[in-house]
Every structure is written in structure tokens, then in C-alpha cells.
Amino acid sequence: MQWSNTTDPQTGLRRYRLKNFDSEREAGAANYSITHKGHCGSCSTLQDLGVYIRQNLTDETRACGMEGIVSSKWQHECLQKIGFSEPCITIWEYNILNTRDDCFWVCMWSKIRNEPFNKPDGSLNDCLQCDEDKSGPNFKYFSGRTRRNSGIPSAIKRPGSQRYYMEHCYWYGDL
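Residues numbered from 1 in each chain as written. Predicted model: local features only at pLDDT ≥ 70, side-chain atom pairs only at ≥ 80, totals over all residues. Heavy atoms only, no water.

Trainee: Hey, could you go over the pattern of salt bridges for me, with residue numbers and the actual values?
Mentor: Throughout the structure, instances matching the rule amount to six salt bridges. Put simply, E115 and R113 hold a salt bridge, and the shortest N to O gap is 3.2 Å. By relative accessible area, which is 21% here, E115 ends up partly exposed. Of the charged contacts in the structure, one is a salt bridge between R148 and E132, with a shortest N-O distance of 3.1 Å. Of this pair, R148 sits in the segment after α7 (136-143) while E132 is found in helix α6 (residues 126-134), placing the two residues 16 residues apart along the sequence. For R148, a relative accessible area of 16% corresponds to the buried category. Judged by relative accessible area, E132 falls into the buried class, the value being 15%. What emerges from the salt-bridge pattern is a single network uniting E132, K140, R148 and R158. (Salt bridge = Lys/Arg side-chain N within 4 Å of Asp/Glu carboxyl O. Buried < 20%, exposed > 50% of the residue type's maximum accessible area, 1.4 Å probe, protein only. Helix = DSSP H or I, 4+ residues; strand = E, 2+ residues; numbered from the N terminus.)

Trainee: Lay out the state of the cysteines with the relevant residues and their values.
Mentor: Going through the model one piece at a time under the given rule, you end up with four disulfides. Put simply, C64 and C78 are joined by a disulfide, and their sulfur atoms are 2.0 Å apart. The chirality of the disulfide connecting C64 with C78 is left-handed, given an S-S dihedral of about -75 degrees. Linking C64 in helix α3 (residues 57-70) with C78 in helix α4 (residues 72-82), this pair joins segments that are 14 residues apart in sequence. (Disulfide = S-S within 2.5 Å.)

Trainee: Report on helix α2 (residues 46-54), specifying residues and quantitative values.
Mentor: For α2, the full list of buried residues reads L46, D48, L49, V51 and Y52. On its buried face, α2 sits against β1 (2-7), β2 (14-17), α3, α4, α5 (86-112) and α7. (Contact = heavy atoms within 4.5 Å.)

So, in C-alpha cells, the structure goes:
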């Protein structure tokens, strides 16, 4: 992410650029700040970074998925209320639908049993593991940003090797 010297005429907010780099060194040399590891995708905006930082998304996005059982419009509106950008909503909707198609009964059983996100040995519960296996690769690729590759903690415990550690500070004004 690189701040621009221009502002958006409608919002008055400063504009920025997103760009993919092959290395952290290359990004730094071009005066870009890294906001997540890996390539940019539909959730790489600063708006979506703010959503990821501001709240624990696990319960909120699951609630949107439950609303989606009744109405795709309700699901979409629920994801909008969370604050996602429209491109990011699209990949979250796909993720929810795909997980529902492939993992519905596993996840319903997990919910009925009120299983914690992680088993005693630290592994994911069966619902989250199904989501990780069936929807995770597509979500990670098309979203660009995930909590893990953005260094953002989650209610779902992950091994340190799966998290990218970084600090988020993108101030462009005078202190």
C-alpha cells in the first residue's frame, strides 16, 4: 500500500495504491507498506483491513451464513453491515455457500454440540477443518487478505507457522 498525494473528491479521504511485489525488500524499496503477505485480492483494501482488525469475524460471518440459509439478500446485507467492501463480500459469499454445500451437516453437528473452535490437541474442530479443506484454498487465493496473512489474531487458534507477524500503522498526517 502506498499513499497518494490526491484525495477522493466525494469522501475527502486520501487515496492509495495497492501493488504486488515479489519480496518485502522490493516493496520497501518502492516505498510501499505491506498490509498482508501474498498477492493482493478482493479483500486487500484498507477498508477490509479495518474490518479484519476491528472485530472477531468468526461469529459475525457465521451469523451472516445462517441468514443466508433464509435469504441470499439477507446474507449480503449482513456482510455489508460488518463493513466489507463489495469485492470482498463476493468472496465471503462464495466461501459461505461452498462451505454450506460441502460441510453443512458436519457444521450443524458441531454447532449442536457447541464444540469449541479448537480440539484439546489444538487442531481445528471438524466443521472448521472441513471449511479449511473445502473452501480455504479458494478463499485465500481470491481474497488476497486473510486474518492469518495479515497478522491479525482470531478466535480460531492457529499454529504460529500459519501466521504472518506484522504491525499495522499507516499514518499519513502530522503527529
